[in-house]
Amino acid sequence: MDQAKSNGKGPYLDVQHMIKTFGDLVALNDVSLAVSEGEFVCLLGPSGCGKTTLLRIIAGLEQQNSGEIYQAGKNISKLPPRDRDFGIVFQSYALFPNLTARDNIAYGLENRKVPKNQIIERVTELLKLVGLPDVGHKYPAQLSGGQQQRIALARALATSPGLLLLDEPLSALDARVRITLRLEIKHLQRRLGITTVFVTHDQEEALVMADRIVVMNLGTIEQVGAPEEIYRRPASPFVADFVGAMNFLPGSVAEDGQSIQVGNLSLACSEAHQIGRGAAVTVALRPEDIRVDVQLPNGGNNIGKTQVKEAEFLGAFYRLTLQLEGYSDKPLIAEVSNNRMRDMSIQIGSRVFVHLPPDLLRVYPGKVGMHA
Amino acid sequence: MSAQATELPLGEAQDLEKIKKQVVRQQLGFEDYLRRGLFVLIALGLFTFMIYPLIMGLMRSFQDRTGAFIGLTNYINYFASATTRESLPNSLYISVISMIFTVILAFLYAYGLTRMKMPGKRIFQGIALLPIFIPSLVQALALIYMFGNNGIFTRMFGINISLYGSRGIIMSEVFYAFPHAFIILSTALSLADARLYEAAEALRTSGRRAFLTITLPGVKYGLMSAAFVVFTLAITDFGAPKVVGGNFDVLATDIYNKVIGQQDFQMGATISTLLLIPAGIAFILDRLVQRRQVAMVTANITPMGPKRHQPLVEIIVYACIILMAIFILSVYVTILLGAFTTYWPYNMSFTLKNFTFYVAGTHHRGGAFVVLWTSIKMAFATAVAGTFVVFFSAYLIEKTRGLNFARSILYLLSIMPLAIPGMVLGLSYIFTFNNPNSPLNILYGTMAILVISTIIHYYTVPFLTASTALKQMDSEFESIGESLEAPFYKTFLRVTVPVALPAIIQITSYFFLNAMVTLSAVVFLFVPGKELAALSVMLLDDAGETAQAMAMSLLIIVVGFTARGLFYLLTHGIERTTQAWRVR
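Predicted model only: the values in this text are computed from it and were never measured.

Student: So what exactly am I meant to see when it comes to the overall build of chain A here?
Tutor: Along the backbone of chain A there are nine helices and 20 strands. For chain A, the spread of C-alpha atoms along the three principal axes comes to 75 × 45 × 40 Å. Out of the 372 residues belonging to chain A, those deemed buried represent 45%.

Student: How should I be thinking about the overall build of chain B in this particular structure?
Tutor: Within chain B, the regular secondary structure consists of 25 helices and two strands. In summary, chain B has a C-alpha radius of gyration of 26 Å against a globular reference of 25 Å for 584 residues, a match within 12%. Projected onto its principal axes, the C-alpha coordinates of chain B cover approximately 95 × 75 × 55 Å. Within chain B, the fraction of its 584 residues that count as buried is 45%.

Student: Can you walk me through the sheet that holds strand β17 (residues 317-324) of chain A in this structure?
Tutor: The pairing of strands in a sheet comes from backbone hydrogen bonds and takes either a parallel or an antiparallel form. Residues and elements named next belong to chain A. Read from one edge of the open sheet, five strands run β15-β19-β16-β17-β18, paired in antiparallel fashion. Looking at which strands have only one partner, the edges of the open sheet turn out to be β15 (291-293) and β18 (332-337). Taking each pair of neighbouring strands and ignoring which way they run, the sheet shows an average axis angle of 45°. Two strands pair when backbone bridges link them, and β17 and β18 are joined in this way by six bridges, in the antiparallel orientation. Residue pairing for β18: Y318 is matched across the bridge by V336.

Student: Just to check I follow, could you spell out the sheet that holds strand β1 (residues 13-22) of chain A for this structure?
Tutor: All names here are of chain A. Ordered in space as β2-β1-β4-β5, the four strands form an open sheet in which the pairing is antiparallel. Edge positions in the open sheet fall to β2 (25-35) and β5 (74-75), since each of these has one partner strand only. Of the strand pairs in this sheet, strand β4 (residues 66-71) and β5 are connected by two bridges, and their pairing is antiparallel. Residue Q71 lies in a different strand from β5, and its bridge partner there is K74. In the packing of helix α1 (residues 51-59) onto the sheet, the strands contacted are β1, β2 and β4, and the crossing angle to β1 comes to about 115°.

Student: Is there a simple way to think about the packing of helix α8 (residues 166-190) of chain B against helix α11 (residues 220-236) of chain B in this case?
Tutor: Packed helix pairs are specified by the crossing angle of their axes together with the interaxial distance, meaning the distance between the axes. All names here are of chain B. One can describe the packing of α8 onto α11 by two numbers: an axis separation of 9 Å at closest approach and a directional angle of 160°. As summarised for this structure, α8 and α11 are arranged roughly antiparallel, according to the angle between their axes. Both α8 and α11 take part in a crossing whose hand is right-handed. Contacts between α8 and α11 involve E173, Y176, A177, H180, A181, I184, L185, T187 and A188 from the first element and G222, S225, A226, V229, V230, L233 and A234 from the second. When the residues that make up the contact of α8 with α11 are grouped by side-chain class, the tally is 11 nonpolar, four polar and one charged.

Student: What am I meant to see in the interface of chain B and chain A here?
Tutor: Interfaces are often sized by the accessible area lost when the parts come together. If you look at the interface, chain B gives 33 residues, while chain A gives 36 residues. Those elements giving two or more residues to the side of chain B that touches chain A turn out to be α1 (13-21), α21 (477-483) and α22 (488-499) of chain B. When residues in the side of chain B that touches chain A are grouped by element, the largest group, five residues, is from α21 of chain B. A per-class count over the side of chain B that touches chain A returns 16 nonpolar, eight polar and nine charged.

Student: Any chance you could explain the packing of helix α6 (residues 136-147) of chain B against helix α15 (residues 311-339) of chain B here in plain terms?
Tutor: All names here are of chain B. It is the contact of α6 with α15, at a shortest axis distance of 9 Å, that shows an interaxial angle of 85°. If you check the angle between α6 and α15, you find them roughly perpendicular. Seen from α6, the contacting residues are V138, Q139, A142, Y145 and M146; seen from α15, they are V331, T334, I335 and G338.

Student: For this particular structure, what's the right way to read unusual backbone geometry?
Tutor: Glycine aside, a negative phi is what most residues show, and trans is what most peptide bonds show. Residues and elements named next belong to chain A. Positive phi values are uncommon outside glycine, yet Y93 reaches one of about 70°. With respect to the helices, strands and loops of the structure, Y93 is situated in the loop between β6 (87-90) and α2 (101-111). Positive phi is not limited to glycine here, since A94 has a value of about 50°. The residue A94 is located in the loop between β6 and α2 in this model.

Student: Looking at this model, I keep getting lost on the environment of R582 of chain B. Mind explaining?
Tutor: In this fold, R582 of chain B is placed in the segment after α25 (546-577). The spatial distance from the C-alpha of R582 of chain B to the C-alpha of F567 of chain B is 19 Å, given a sequence separation of 15 residues. R582 of chain B has contacts with A141 of chain A together with E575 of chain B, leaving out every residue within four places of it along the chain.

Student: I'm lost on the environment of I230 of chain A in this one. Help?
Tutor: Residues and elements named next belong to chain A. Within the secondary structure, I230 sits in helix α7 (residues 227-232). For I230 and H355, which are 125 residues apart along the polypeptide, the C-alpha to C-alpha distance reads 23 Å. Once residues lying within four places of it in the same chain are set aside, the contact partners of I230 are I213, V215, Q223, G225, V239 and V243.

Student: Teacher, can you tell me more about the confidence of the model for chain B here?
Tutor: Do not read the predicted coordinates in detail wherever pLDDT is low. Across chain B, the average pLDDT comes to 88, with 94% of residues at or above 70. As a predicted assembly, this complex carries a pTM of 0.88 together with an ipTM value of 0.84.

Student: Please explain the environment of M209 of chain A as it appears in this structure.
Tutor: Residues and elements named next belong to chain A. With respect to the element layout, M209 can be found in helix α6 (residues 203-209). Considered as a pair, M209 and L55 are 154 residues apart in the sequence and their alpha carbons are 17 Å apart. Residues in contact with M209, not counting those within four places in the same chain, are F40, C42, R182, I185, K186 and F198.

Student: Is there a simple way to think about α8 of chain B in this case?
Tutor: Owing to its 3.6 residues per turn, the α-helix aligns residues three or four sequence positions apart on the same side. Residue and element names in this part refer to chain B. With 25 residues, α8 extends 34 Å from end C-alpha to end C-alpha; this agrees with the ideal 36 Å at 1.5 Å per step. Along α8, the helix axis deviates most sharply at F178, where the bend reaches about 40°; the proline P179 sits within four residues downstream. The element α8 is largely enclosed, with a buried count of 19 among its 25 residues.

Student: How do you make sense of the confidence of the model for chain A when you look at a structure like this?
Tutor: Model confidence for chain A is summarised by a mean pLDDT of 90, while 96% of its residues fall at 70 or above. Within the model, pLDDT remains below 50 along residues 1-7 of chain A, and this stretch shows 15 contacts once partners closer than five positions in the same chain are excluded.

Student: Before we go on, may I ask you to explain the nonpolar core in this structure?
Tutor: Side chains of nonpolar character tend, in soluble globular proteins, to be buried together. Counting residues in each nonpolar core, the largest one holds 278 residues, and the members touching the most others are A106, A181, L185 and V230 of chain B. The contacts of L185 of chain B, once residues within four sequence positions are left out, are A106, F107, A110, V219, G222 and A226 of chain B.

Student: What's the story with the pairing of strand β11 (residues 247-253) of chain A in this structure? I'm lost.
Tutor: Consecutive side chains along a regular strand alternate between the two faces of the sheet. Residues and elements named next belong to chain A. For β11, the buried fraction is high: five of the seven residues fall into the buried class. Bridging between β11 and strand β14 (residues 280-285) involves six bridges; their strand directions are antiparallel. From the neighbouring strand, P250 faces β14, where its bridge partner is T282. With two bridges connecting them, β11 and strand β12 (residues 260-262) associate as antiparallel partners. Pairing of V253 across the sheet is with I260, part of β12. Between the antiparallel neighbours β11 and β12 lie six residues, among them G257 with a positive phi of about 80°.

Cut-off values and rules
- Residues numbered from 1 in each chain as written.
- Chains lettered and ligands numbered in written order.
- Predicted model: local features only at pLDDT ≥ 70, side-chain atom pairs only at ≥ 80, totals over all residues.
- Helix = DSSP H or I, 4+ residues; strand = E, 2+ residues; numbered from the N terminus.
- Buried ≥ 20, exposed ≤ 12 C-beta atoms within 10 Å, placed from the backbone.
- Rg over C-alpha atoms; globule rule 2.2 N^0.38 Å.
- Pairing = 2+ DSSP bridges.
- Axes fitted to C-alpha atoms, helices over the stretch in contact; angles between N-to-C directions.
- Contact = placed C-beta atoms within 7 Å.
- Parallel < 35°, antiparallel > 145°, perpendicular 65-115°, else oblique.
- Left-handed = near helix turned anticlockwise from the far one by under 90°.
- Nonpolar A, V, L, I, M, F, W, Y, C, P; charged D, E, K, R; others polar.
- pLDDT = per-residue confidence, 0-100.
- Expected span 1.5 Å × (residues − 1).
- Bend = angle between axes of the 7 residues up to and from the residue.
- Core = buried A, V, L, I, M, F, W, Y, C linked by C-beta atoms within 7 Å.

Encoded structure:
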């Protein structure tokens, strides 16, 4: 039950060079990942990126073509699931329908021949832990989706596993329940200090919950980093586009070797990019980072003239579609708060200035075919 | 590229090809060996009691009486002789005609009950299902009482429809196959999407055009499936042609006559093989069609309720349904009356003596009830053993991680029995088990061989029921069980079986009811003292004791209805006690 945990000596979970194919499809292409003890890691990516496959291989529910997994220093690559030390929660809850919430939670404890009174004690404790002390006698069909998923979580935690695996546990729930439950899971995880791998395709979930996000695409890892780092400094156009919204402006490196020529705008850019003169590049900027003004901001670089093509009201803010003057490529998307919109009295057809802050611009080599 | 090629990214094609073939195998424990052992056990059972006998039968068709190999001579002889070669076209003829009639009638009936507004739907539905689980020879017998040379209607109206021969066989088969086609078509018709009809109406489509462009295409696969099922039932049926066929030989009766009448086992095996071909083709086509039907069902639909039609259409359909229902009921009334009548139709006085008959072999042990009791015991054993084997093998196939090859082999073996006509199976069992040199000979003449042959004969439908029930269960139950270190048999008993209990009861009931009426496979396997109910109906009819055959038929029907009632109550009781957790 309680395995000797590796204290400070390397990662708790270490996936090395994982390769998995399904027929001709390469689901995991040489993926390596290290997770520290007590860490909450999110595997984030679109469907088919290999994130669930990776989770199932860690659980032993899928067998890899090659690659090794170490848990607490022990090679578990060839162990069947029953000999590995993990608890798992699925999107479908997979609660046993004919057993009460209590019996579901007790299921794993019974298999370990835990004395009956201890089982009762532990189950009561877990019901409290997931905030459902009074539903023990109920059957899954009598519980709401959110309650069922909490019971499933309690069942996975009952045997105090060293590793918690969560496979899109919130995806089947209502938006409201999802938001409360994701915080609860996060708090619970922090309190128990259990190493957790969480699979999701929802970037918001990953940003809120994870200590570290692993962005995956087409069977490979695109970027690993803290949520803010992933959002602020996306390592690739894919990450930039998948996590949050992004403007991509095709351009080329100017004669000075640092600033970027986009249309007739020369954009200064703080980040040192090491891309050769004249090479085609793509400049990326988040919509909320664009500063919009009706008056020419004084003394700044990186200022362009635009015309408002579209203004969508999205409740807390407006999303503006702006056409840069002298630039026929895609329009810019900018987000402006309601207050600013009122102050500036912007309408469709208005001419406005945009300031593209040099320190927030990202530069990627080549032309990106993606839409923001 | 270094020596550690497998650890490099899959950049190059030859690496990919190499890596695709390798897999990290997990260590095997007790459970894994147990699982594999059970796979082998079930596959071995199906091989011994299905594949091996069929091979024995096939081989016999290439041999002469002494057992010497003679190639295709038996087949050449079959087609060369004017007396034998009739049976193949005869079989195809009655099957195709029965198929056309049954599908049309069942479609009309099902359409009225699912799509039209009319009174008494539940009653009509019940009546439509009456003939299911009633042996075809019982129905043929009733038809003789009604339309035979001395039938009650023949005498009443003075019209002799010359029942004996193809006409009688077709009538019996239509009657026998009707409920099967009705079930398939009702399901297909009730799965229609109401939105299509709403869209049609919005476009001012006439009812006739909507029927031709939406209804018929929508039930296309249901119609095809019903047609194949009826065809298979008709071509493999032995009971009806035996009783009402007269001189009109079909393949099934031909096998019987060659083997039992002339002891010509080689020709029996030859005709068996010929019967296997159309049955196998119908089976394969049905599988293909069903796969498409499933794909259609999974789509998200708004169910279609009954609707008003043009008055003339409603009157015609309703009249047809009433006529069909009256006909079905009159068959049962005939059996009921016949069983208690001294000498139909000459002496219509009431009697109970028909129930105290003597079948050859049961002489000293009393009449109908002894035979019935033997049948019930056999059916019970079949139901228990069959349910266990079928459900467990479906579980192994559906809920095992990996072992894909073993699973597909076992699946193929499990759906094959549907393609094997009972006569073919029964005859091949003689070759396999009535052989003093074979260790399997110890089974010959035992109750066990009757039970095993019946399980194999009816294996596929319950297997598919079990598969469907297991597929509907969350596929992660087993993963959860494993992650919680529960052995698979624990999760199986604690979760899978309770959740699948309604399906399990359905399987048990299917085995029991079919075992009560089975005739074709066991006709070659019974020994004196082990006559089964449907078999004794045939033997009594052969002996000219028609009134006693009627009495036996009535008993079979009564047991069938009682069993259906009990199974219904059982299912109902289980549903009530488990309603707290069953998702409705």
